[in-house]
Amino acid sequence: MKTTWDNFWKEKGKSMEWSQEDVLYSDGMNELAEKILTSLNKKSLKEVSLLELGAGMGITSLYFGSKGAKVSLLDYSNEAKPLAKEYWGSHAKHTFIVADLFTFKPKERYDMVTSFGLCEHFIDKQRREV
């Protein structure tokens, strides 16, 4: 069954505004990574595993993956999966999980769970669950 997000990624996915260079060479992402490493008491992103909820193409997580983090992208849309693969290209590897985040049961633990631009798509109880 096609979802709203399948349609979105099929129609808009290739025209996203953020280039790989915007993410990979971002001073803001460098600062964020340093704060994350400090809070996790890690020396390198190679020691970090990350799960991004509602990841779509995994635009922001590309930064972490390019620095060696083990990245899993979780999204409800099948259409986002090939776009993520294309967007990430040879910069880094990731695992893409097609699943509903409300019923998703991870098979592993993650050091960090992120969400960039997901919560605002829900209201009330679902927003709190996200």
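Further up the page is the structure itself.
Small disclaimer: the values here were computed from a predicted structure and weren't measured.

Basis of the calculations
Residues numbered from 1 in each chain as written. Predicted model: local features only at pLDDT ≥ 70, side-chain atom pairs only at ≥ 80, totals over all residues. Heavy atoms only, no water. Helix = DSSP H or I, 4+ residues; strand = E, 2+ residues; numbered from the N terminus. Contact = heavy atoms within 4.5 Å. Areas by Shrake-Rupley, 256 points an atom, 1.4 Å probe, with all protein chains shown as cover. Buried < 20%, exposed > 50% of the residue type's maximum accessible area, 1.4 Å probe, protein only. Arc of directions from axis to C-beta. Pairing = 2+ DSSP bridges. Axes fitted to C-alpha atoms, helices over the stretch in contact; angles between N-to-C directions.

### A few points about the overall build of the protein chain
Right, so step 1: Helices and strands together make up the secondary structure of the protein chain, namely six helices and four strands.
Right, so step 2: Along the protein chain, helices and strands appear, N-terminal first, in the series α-α-α-β-α-β-α-β-β-α.
Right, so step 3: By sequence separation, contacts in the protein chain at least 24 residues apart represent 57% of the contacts at least 6 residues apart.
Right, so step 4: Of the roughly 8300 Å² of accessible surface on the protein chain, a fraction of 50% belongs to carbon and sulfur atoms.

### Focus on helix 5 (residues 80-88)
Right, so step 1: Along helix 5, the residues classified as buried are A80, L83, A84, Y87 and W88. The buried residues of helix 5 occupy an angular sector of 125 degrees when the element is viewed end-on, so they sit on one face.
Right, so step 2: A positive backbone phi angle near 50 degrees is found at G89, which sits one or two residues after helix 5.

### Looking at the sheet that holds strand 2 (residues 70-75)
Adjacent strands of a sheet pair through backbone hydrogen bonds, lying either parallel or antiparallel.
Right, so step 1: One open sheet accounts for four strands, arranged 3-2-1-4; its pairing is parallel. The open sheet has two edge strands with one neighbour each: strand 3 (95-98) and strand 4 (112-114). Ignoring which end each strand starts from, the neighbouring axes of this sheet average 20 degrees apart.

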